[in-house]
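Chain residues, written in single-letter form:
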Amino acid sequence: MDENEIDERAPTGRTVSDTLRQERERQGMSRKDLSDRTKISERHLIAIDEGDFSAMPSRTYIIGFVRSYANALGLDAPVLVQRLRDEMGMAEKVRPERNLDHMEPGDPERNPSGRLTWIVLAAVIAVMVIVVVAWRGLFMPAAQLPPLEDEQQQAPVAAAPQPAQADAAAADPASQEVVFTATVDGVWVKFYDRSGSQLFQKQMALNESFTIPADAEGPQIWTGRPEALRITVGGRAVPPLAEEQSVVRDIPVDSAALLARPAGPGLPQPGAAGTTGG
């Protein structure tokens, strides 16, 4: 007999549960066999056989389980489902039956497989990785700023020997313009006055310049690339603040201080011409 053909000898019990249980027993099918075929747990099959639908999660699951149960036995599933609705007080207005290849929501035969779940999870993780990489590329700075927390652990950096500035010192130091120019791209620098008020701060581009304001009181500098800053006082070049990359901070950069820097190695001591490090 074709599995889709309805057996006229199929029992018709007093209830849907009786009909399903009697037909399963007539066909000699155990609950385990039916569970393997429908993927419905034996616990739920027992509840269906006994008409105890209170153990089901919802009415949608009840209908889905009964539909799968009837199909596995070759019974007329739509008829049994309608009977079930009537028994449970769920009679609905009869609608034209549509031949669609789908089942009731929550039908266990339509539950996604474990493999599909893992594929979706892997796709979500891949998208998250792409977003993180793109975010880092767009918003992380191209050049690393000088460290702010470990400044006190850095050793003082010696300045390059300073030649005498006799010809520049002949003029009034306070009236000479001081200009800093970046010799490489991405030089982070901060200028501020004696009270700590900021005069200028950014990552300077190649050949970008900044002129110390003439009215700035006690201007000072903080940078991690002193060797990459060309300095002029009154249009005359003076040696850089250091020969190698290092963090320098609280270095006076007014014209008088720059022209008065000693010619020997080392930067001025704290309280005189500035300090290096934190």
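On a predicted model such as this, the values are computed, not experimentally measured, just so you know. (Residues numbered from 1 in each chain as written. Predicted model: local features only at pLDDT ≥ 70, side-chain atom pairs only at ≥ 80, totals over all residues. Heavy atoms only, no water.)

What about the UniProt feature "transmembrane region" (unreviewed entry) in the protein chain?
Point 1. Sequence positions flagged by UniProt for "transmembrane region" (unreviewed entry) are, in local numbering, residues 116-135.
Point 2. The distance separating the terminal C-alpha atoms of residues 116-135 is 29 Å; by composition the span is 100% helix and 0% strand. (UniProt positions renumbered as here; feature names shortened; annotations may be inferred. Helix = DSSP H or I, 4+ residues; strand = E, 2+ residues; numbered from the N terminus.)

Description of the packing of helix α1 (residues 16-26) against helix α4 (residues 59-73)
Point 1. Axis separation between α1 and α4 bottoms out at 10 Å; the angle between their running directions is 35 degrees. In the crossing of α1 with α4, the sense of the turn from one axis to the other is left-handed. Taken together, the residues of α4 that come into contact with α1 (itself represented by V16, L20, R21, E23 and R24) are V66, Y69, A70 and L73.
Point 2. Considering only residue class, the contact of α1 with α4 consists of six nonpolar, no polar and three charged. (Axes fitted to C-alpha atoms, helices over the stretch in contact; angles between N-to-C directions. Left-handed = near helix turned anticlockwise from the far one by under 90°. Contact = heavy atoms within 4.5 Å. Nonpolar A, V, L, I, M, F, W, Y, C, P; charged D, E, K, R; others polar.)

Quick word on the side chain of E23
Point 1. Its place among the elements puts E23 in helix α1.
Point 2. Taking relative accessible area as the criterion, E23 reaches 1% and is therefore assigned buried.
Point 3. Reaching out from E23, the side chain makes a polar contact with the side chain of R26 at a distance of 2.9 Å.
Point 4. Within the structure, E23 has its side chain in polar contact with the side chain of Q27 (distance 2.4 Å). (Buried < 20%, exposed > 50% of the residue type's maximum accessible area, 1.4 Å probe, protein only. Polar contact = N/O pair within 3.5 Å; in protein donor to acceptor, adjacent residues only side chain to side chain.)

Description of the sheet that holds strand β4 (residues 209-211)
Point 1. Taken together, the four strands give an open sheet; going across it, the order is β4-β1-β6-β7, and neighbouring strands pair in antiparallel fashion. Strands with a single pairing partner mark the edges of an open sheet, and in this sheet they are β4 and β7 (236-238). Ignoring which end each strand starts from, the neighbouring axes of this sheet average 30 degrees apart.
Point 2. Relative to β4, strand β1 (residues 178-182) runs antiparallel, the two sharing three bridges. Looking at the pairing, F180 lines up with F210 of β4. (Pairing = 2+ DSSP bridges.)

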